[in-house]
Protein chains: 2
Amino acid sequence: MSRSLKEPAAASTITTPTDREIQIERVFAAPRDRVWRAFTDPELVKQWWGRGNKLVIERMEVEPGGHWRYVEHGPDGVHGFEGRYREVTPPERLVHTFEWDGMPGYVAVETVTFEDLCDGTTRVVTQSLFHTTEERDGLLHSGMEEGLNQSYAALDRLLSSS
Amino acid sequence: MSRSLKEPAAASTITTPTDREIQIERVFAAPRDRVWRAFTDPELVKQWWGRGNKLVIERMEVEPGGHWRYVEHGPDGVHGFEGRYREVTPPERLVHTFEWDGMPGYVAVETVTFEDLCDGTTRVVTQSLFHTTEERDGLLHSGMEEGLNQSYAALDRLLSSS
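Numbering of residues begins from 1 in every chain and follows the order in which that chain's sequence is written. Whichever chain is written first is A, and whichever ligand is written first is 1; the rest continue in order. With the structure being a predicted model, the display of local features is reserved for residues of pLDDT at least 70 and the display and counting of side-chain atom pairs for 80 or more, all residues being used for whole-chain, interface and lining totals. The basis for the side-chain values is all heavy atoms of the structure; hydrogens and waters are excluded.

1. A short note on the relation of the copies chain A and chain B
For these two chain copies, the linking operation is a rotation about an axis paired with a shift along it. Inclusion rule: Copy-to-copy superposition: least squares on the C-alpha atoms, limited to residues that have pLDDT of at least 70 in both copies. Only heavy atoms enter the contact rule, under which two residues are in contact if any of them lie within 4.5 Å.
When chain A is brought onto chain B, the operation consists of a screw motion whose angular component is 180 degrees and whose axial shift is 0.0 Å, with 0.0 Å RMSD remaining. Expressed as an axis order, the relation between the two copies is that of a two-fold axis. In terms of C-alpha distance to the rotation axis, chain A has His-131 of chain A as its closest residue, with the C-alpha 2.7 Å off the axis. An overlap of 100% is found between the interface residues of chain A and their copies at the interface of chain B, pointing to a shared contact surface.

2. Considering the pairing of strand β2 (residues 21-28) of chain A
All names here are of chain A. As a reminder, the rule being used: Any residue under 20% of the maximum accessible area for its type is buried, any over 50% is exposed, and the rest in between are partly exposed; the area is computed with a 1.4 Å probe on protein chains only. Helix and strand labels come from DSSP, where a helix needs a run of H or I of at least four residues and a strand needs a run of E of at least two; each type is numbered from the N terminus. Should DSSP find at least two bridges between two strands, the strands are taken to pair.
Counting buried residues in β2 gives 6 out of 8 residues, a clear majority hidden from the surface. Both strand β1 (residues 13-15) and β2 contribute to a ladder of 3 bridges, which runs antiparallel. By the bridge assignment, Thr-13 is partnered in β2 with Glu-25. The turn linking β1 back onto β2 is made up of 5 residues.

3. Remarks on the pattern of salt bridges
Definition in use: Each salt bridge in this description consists of a side-chain nitrogen of Lys or Arg and a carboxyl oxygen of Asp or Glu lying within 4 Å of one another.
Taken as a whole, this structure holds 30 salt bridges over all chains when the rule is applied. The residue Arg-69 of chain A makes a salt bridge to Glu-82 of chain A at a minimum N-O spacing of 2.7 Å. Placement of Arg-69 of chain A in strand β4 (residues 67-74) and of Glu-82 of chain A in strand β5 (residues 77-89) is noted, with a sequence separation of 13 residues between them. Where Arg-136 of chain A meets Asp-137 of chain A, a salt bridge forms, and the shortest distance between an N and an O atom there is 2.7 Å. Linked by salt bridges that have partners in common, Glu-58, Arg-69, Glu-82, Glu-99 and Asp-101 of chain A together with Arg-84 of chain B make up one network.

4. Considering the sheet that holds β4 of chain A
Residues and elements named next belong to chain A. Just so we agree on the cut-off: Axis angles are defined between N-to-C directions and span 0 to 180 degrees, where every axis is a line fitted to C-alpha atoms and, for a helix, only to the segment in contact.
Reading across the sheet, the 8 strands line up as β1-β2-β8-β7-β6-β5-β4-β3 and stay open at both edges, with antiparallel pairing between neighbours. Unpaired on one side and paired on the other, β1 and β3 (54-60) mark the two borders of the sheet. Across the sheet, the mean angle separating the axes of adjacent strands is 20 degrees when strand polarity is ignored. Packing of helix α1 (residues 32-40) onto the sheet brings it into contact with β2, β3, β5, β6 (93-100), β7 (108-116) and β8 (122-129), and relative to β7 it is tilted by some 155 degrees.

Take a look at the structure:
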């Protein structure tokens with residue numbers, strides 16, 4: 001039996017609970033502690049967040065008030081992302097801001113919860129809150145879903161290999 | 001006739017246009033170009049923003065995407081503030097984010113407009129948009145008004161002396 005058959009369906013569910021939010025749900029085939037580390041250890045984040053592109057982690061201070069800044073070097077150019085941690089509760093909950101250099105000053109708050117499904121898998125729910133509906137819709141129509149699925153596919157590979 | 005009699009009434013008008021906004025209006029007794037410089041030149045900001053306290057300007061890149069970070073050294077401790085510029089349109093409009101180290105990851109967007117009243121005075125309107133009503137109310141009840149009036153009184157003195 002191949003490893004992939006044991007994995008849950010690799011699809012993200014994207015919904016819009018309110019007119020300023022996006023919610024993304026995805027189940028990963030690994031225990032919660034390992035999924036938490038993949039989101040909070042820079043050596044692991046580097047291996048999946050950039051979707052195969054080189055990712056330079058300039059800052060990643062995983063504590064309340066700490067800053068993070070990732071720079072992705074892709075075929076279409078260099079993209080910087082940054083923000084600040086609001087809440088860090090291992091291995092359950094992470095709240096931080098998110099800003100892309102291409103839209104500076106447009107800041108979303110991301111709340112990431114890690115739910116132990118008690119069968120060796122983990123549900124990750126990311127809720128993003130924007131200042132306006134226009135900002136939310138701008139991100140929804142930016143090709144976010146494709147980029148997200150590429151990142152999460154890379155994360156699947158990382159989790160199945162470690 | 002003393003200088004102060006020539007100044008407009010030194011009162012800020014604080015309103016809440018929506019449940020996630022604060023709007024502050026204040027008229028300053030100086031032409032728009034000078035008021036704009038007082039908000040965007042670090043040498044001038046240092047002289048009023050800290051309300052008489054020492055203000056260290058660690059970053060102040062007044063251009064879209066640029067960062068700012070001020071650290072105020074007051075009798076009650078050290079307070080850091082930071083954000084990023086979204087829009088810089090001299091001498092009319094400045095849009096930037098605002099975050100206090102004491103509440104990291106809680107980000108407001110401030111839109112500051114400078115209106116030339118054509119009589120040598122300038123109306124400054126600051127509109128702050130928060131992610132939630134709770135964040136907005138938290139700031140309203142934090143003693144913000146007193147701090148603001150102290151800053152603006154220091155700005156009055158700077159504008160009347162230069």
